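Coordinate inspection notes
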2 protein chains.
Amino acid sequence: MPIYPEPITNLIEEFKKMPGIGPKSAQRLAFHILGITEPEVDSLCGALSKVKKSVKYCSVCYNLTENDPCPICSENSGRNRKMVCVVSEPKDLIAIERTGEYKGLFHVLGGVISPLDGIGPDNLRIKELIRRLKDGVEEVIIALNPTTESETTTFYLTKLIKPLGIKLTRIAYGLPIGSDMDFADEATLSKSLEGRSQL
Amino acid sequence: MPIYPEPITNLIEEFKKMPGIGPKSAQRLAFHILGITEPEVDSLCGALSKVKKSVKYCSVCYNLTENDPCPICSENSGRNRKMVCVVSEPKDLIAIERTGEYKGLFHVLGGVISPLDGIGPDNLRIKELIRRLKDGVEEVIIALNPTTESETTTFYLTKLIKPLGIKLTRIAYGLPIGSDMDFADEATLSKSLEGRSQL
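Keep in mind that this is a model prediction, so the values were computed, not measured. (Residues numbered from 1 in each chain as written. Chains lettered and ligands numbered in written order. Predicted model: local features only at pLDDT ≥ 70, side-chain atom pairs only at ≥ 80, totals over all residues. Heavy atoms only, no water.)

**A short note on the relation of the copies chain B and chain A**
Our working rule: When the copies are superposed, the least-squares fit takes in the C-alpha atoms of residues with a pLDDT of at least 70 in both. By the convention used here, residues are in contact when the closest approach between their heavy atoms is within 4.5 Å.
With an RMSD of 0.1 Å, the fit of chain B onto chain A corresponds to turning through 180° and sliding 0.0 Å along the axis. The superposition operator between the copies reduces to a two-fold rotation axis. Closest to the rotation axis within chain B is the C-alpha of B:Cys45, separated from it by 2.7 Å. When the interface residues of chain B are mapped onto chain A, 100% of them again lie at the interface, so the same face is used by both copies.

Right, here's the structure in full:
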């Protein structure tokens, strides 16, 4: 069975580990790498290492950041510190920020409760959220993708937060059910924020 | 406009330069990188650098190789040195090798004549092919993707090689027209080799 020179095979294997990259795409990417210059490869490798070395989680909201606390949580961000918007992933936070409608803080759970995937409340940053709520937070907005898992998570959060006497809201289901929040347009997301309903 | 931390944005930009990777795929790949361990990133970077540093073109057939001449061209490969199969790209060579039917040598042109893309005979390794034919080559098999550009290239090669008194053949059009040779199954490719016709 003839094969490519070993370094090419290795690179193809590396690419195949990536999400959405099958054998043919991996081969195509490997040939792309063969076709670009060495400084271009160095620039790619630099970007790869940099992202691992310098990007960490904000110790307050668990957003991805180079500086801790992140620019949104830092004291001089001018954000409304009485509101906390709860999202599943950093990309959802970015989606909300893109609307320009929200001026409060965030809290990134790191997923949603999903017993089938073995993700329970203890695997998410829920304890960390509850701890933050003691610092004069007046409203918590839940902004999760409209899925069954998110419903469970919202139910769980409601049980924990309601007794604290904090206003608890959730973004309006302007989003089509089953879609991914990250793909929603700014207008739809803005509507969801506006039409939030008390739980 | 809020954005990701700069290292993530940079990495997304790097991924977007790759063929078939749009903004959403690039973002997905960047988050994949954030989720894997540092040794895994090092292994990916290692594979990227290695491929640029150690893979070169064979000085005889222009296949990709770690050693020059490549394993097929090297003296002790046991290949039939009287036959040369002309292909466009290294991946086409691999496709033919996969059939296990062909025991001769190869010559990789590095493309096909395509005036619309500014690729003329001088941009391909045609001179290098003609030079090789003086070493006792008895048959040249043209194995190009069934496209108009390949027709032009075949016509051009025929004009150059026929006068040398060397047998010139072309793989049978068992391949569906407009498809990519690299995607053909072994049986179809074997049939194409068997049914080659004299030009």
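Read on for the rest.
**Comments concerning the pattern of salt bridges**
Under the convention used in this document: For this analysis, a salt bridge means a side-chain nitrogen from Lys or Arg found within 4 Å of a carboxyl oxygen belonging to Asp or Glu. Helix and strand definitions here come from DSSP, where helices need a minimum of 4 consecutive H or I residues and strands a minimum of 2 consecutive E residues; each element is numbered from the N-terminal end. Buried, partly exposed and exposed residues are distinguished by accessible area as a fraction of the type maximum, computed with a 1.4 Å probe on protein chains only: under 20%, between the cut-offs, and over 50%, respectively.
This structure, assessed with the given rule, holds 15 salt bridges over all chains. One salt bridge in this structure joins A:Lys53 and B:Glu38, with 3.7 Å as the shortest N-O distance. With A:Lys53 in helix H3 (residues 38–54) and B:Glu38 in helix H3 (residues 38–54), this pair bridges two chains. B:Glu97 is paired through a salt bridge with B:Arg79; the nearest N and O atoms lie 2.8 Å apart. With B:Glu97 in helix H4 (residues 90–99) and B:Arg79 in the loop between strand E2 (64–65) and strand E3 (80–87), this residue pair connects regions lying 18 residues apart in the sequence. Looking at B:Glu97, the relative accessible area reads 10%, which means it is buried.

**Structural notes on the pairing of strand E4 (residues 104–108) of chain A**
Residues and elements named next belong to chain A. The cut-off we apply is this: In short, DSSP must find at least two bridges between two strands for them to pair. Looking down the strands as they point away from you, a crossover is right-handed if its path from the first strand over the helix to the second goes clockwise.
The element E4 is extensively covered by neighbouring structure, given that five of its five residues are classed as buried. Bridging between strand E3 (residues 80–87) and E4 involves five bridges; their strand directions are parallel. Looking at the pairing, valine 87 lines up with valine 108 of E4. With helix H4 (residues 90–99) bridging E3 and the parallel E4, this β-α-β connection has right-handed handedness.

**Description of the layout of surface pockets**
Our working definition: Cavities and pockets were defined on a 1 Å grid built from protein atoms only: a cavity is a group of points that admits a 1.4 Å probe but offers it no way out, a pocket is an open group of points flanked by protein on both sides within 12 Å along at least five of seven lines, and a lining residue is one with an atom within 4 Å of any such point. Grid points are joined across faces, edges and corners, and a volume is the space filled by probe spheres set on the points. Following the grouping adopted for this structure description, the nonpolar residues are Ala, Val, Leu, Ile, Met, Phe, Trp, Tyr, Cys and Pro, the charged ones are Asp, Glu, Lys and Arg, and the polar ones are all others, Gly among them.
When its volume is computed, the largest pocket comes out at roughly 350 Å³. For the largest pocket, the lining is made up of 20 residues, of which A:Lys91, B:Gln27, B:Arg28, B:Phe31 and B:His32 are closest to its centre. When contributions to the lining of the largest pocket are tallied by element, the ones reaching two or more residues are H3, strand E1 (56–57) and H4 of chain A together with helix H2 (23–35) of chain B. The dominant element in the lining of the largest pocket, judged by the number of residues it contributes, is H2(B), at eight residues. For the lining of the largest pocket, the per-class residue count stands at eight nonpolar, four polar and eight charged.

**Some details on the interface of chain B and chain A**
By a frequent convention, interface size equals the accessible area lost on bringing the separate parts together. This is how it is decided: In short, buried area is how much 1.4 Å probe accessible area vanishes from two parts on joining, totalled over both.
In this complex, chain B contributes 53 residues to the contact, which on the side of chain A involves 53 residues. The largest contributions to the chain B side of the interface with chain A come from B:Pro7, B:Leu48 and B:Lys52, which together make up 13% of the buried area. Seen at the junction of chain B and chain A, the total is two salt bridges. Of the residues forming the side of chain B that touches chain A, the biggest block, 14 residues, is contributed by H3(B). Of the residues that constitute the side of chain B that touches chain A, the class distribution is 28 nonpolar, 10 polar and 15 charged.

**A short note on H4(A)**
Residues lying three or four places apart along an α-helix face the same way, a consequence of the helix completing one turn every 3.6 residues. Residues and elements named next belong to chain A. Of all 10 residues that make up H4, eight are buried, and the element is covered over most of its length. Within H4, burial applies to Pro90, Asp92, Leu93, Ile94, Ala95, Ile96, Glu97 and Thr99. Looking at the residues trailing H4, positive phi occurs at glycine 100, about 70°.

**Digging into the domain arrangement of chain A**
Inclusion rule: Marked domain ranges trace back to an automatic or database domain assignment.
The domains assigned to chain A are domain 1 (6–54) and domain 2 (64–198). Using C-alpha coordinates to define each centre, domain 1 of chain A is positioned 34 Å away from domain 2 of chain A.

**Section: the nonpolar core**
The line we're drawing: Nonpolar core, defined: a set of buried Ala, Val, Leu, Ile, Met, Phe, Trp, Tyr and Cys residues in which side-chain atoms within 4.5 Å join the residues together.
In this structure, A:Phe15, A:Ile33, A:Leu48, B:Phe15, B:Ile33 and B:Leu48 are the most contacted members of the largest nonpolar core, which totals 45 residues. At the level of secondary structure, the elements contributing two or more residues to this core comprise helix H1 (6–16), helix H2 (23–35) and H3 of chain A together with helix H1 (6–16), H2 and H3 of chain B. If we ignore the near neighbours within four places in the chain, the residues touching B:Phe15 are A:Met18, A:Leu48, B:Ile21, B:Ala26, B:Leu29, B:Ala30 and B:Ile33.

**What about the pairing of E3(B)?**
Sheet faces and side chains relate simply in a regular strand, where the side chains alternate between the two faces. Note: E3(B) against strand E5 (residues 139–142) of chain B, four bridges, orientation parallel. Paired with B:Val86 across the bridge in E5(B) is B:Ile142.

**Observations regarding H2(B)**
Heads up, the rule is: One fewer than the residue count of a helix, multiplied by 1.5 Å, yields its expected span. Here the arc refers to the set of directions running from the helix axis out to each C-beta atom.
Relative to the 18 Å expected for 13 residues at 1.5 Å per residue, H2(B) spans 19 Å between its end C-alpha atoms, a close match to the ideal helical length. Those residues of H2(B) lying buried are B:Ala26, B:Gln27, B:Leu29, B:Ala30, B:Ile33 and B:Leu34. Viewed along the axis of H2(B), the buried residues span an arc of 165°, placing them on a single side of the element. Exposed positions of H2(B) whose direction lies more than 90 degrees from the buried face are B:Arg28 and B:Gly35. Those residues of H2(B) that are buried lie in contact with H3, strand E2 (64–65) and H4 of chain A together with H1 and H3 of chain B.

**Some thoughts on the state of the cysteines**
Heads up, the condition is: Put simply, a disulfide is two cysteine sulfurs that come within 2.5 Å.
Under the defined criterion, the tally for this structure stands at zero disulfides over all chains. Considering cysteine sulfurs only, B:Cys45 is the nearest to A:Cys45, which forms no disulfide, with 3.5 Å between them. Its sulfur unpaired, A:Cys85 is 11 Å from the next cysteine sulfur, which belongs to A:Cys61. Residue class for A:Cys85 comes out buried when judged on its relative accessible area of 0%.

**Brief notes about the confidence of the model for chain A**
The following threshold applies: The pLDDT value tells you how sure the predictor is about a given residue, anywhere from 0 up to 100.
For chain A, per-residue confidence averages 87 on the pLDDT scale, and 93% of positions sit at 70 or higher. We note a pTM of 0.71 for the whole complex and an ipTM of 0.72 for its interfaces.

**A short note on the packing of aromatic side chains**
Residue and element names in this part refer to chain A. For clarity, the cut-off: Stacked, edge-to-face and tilted labels apply to pairs of Phe, Tyr and Trp rings (six-membered ring for Trp) whose centres lie within 6.5 Å, assigned for plane angles under 30 degrees, over 60, and everything in between, in that order. By definition, being over a ring means that NZ of Lys or CZ of Arg is both within 6 Å of the ring centre and within 35 degrees of the ring normal.
Tallied over the entire structure, the rule returns four aromatic pairs over all chains. The interplanar angle of 65° and the centroid separation of 5.1 Å between the aromatic rings of tyrosine 102 and phenylalanine 106 together place this pair among those described as edge-to-face. Phenylalanine 106 shares its class with tyrosine 102; the two are buried. Arginine 125 extends its terminal NZ or CZ atom over the ring of tyrosine 57, reaching a point 4.8 Å from the ring centre.

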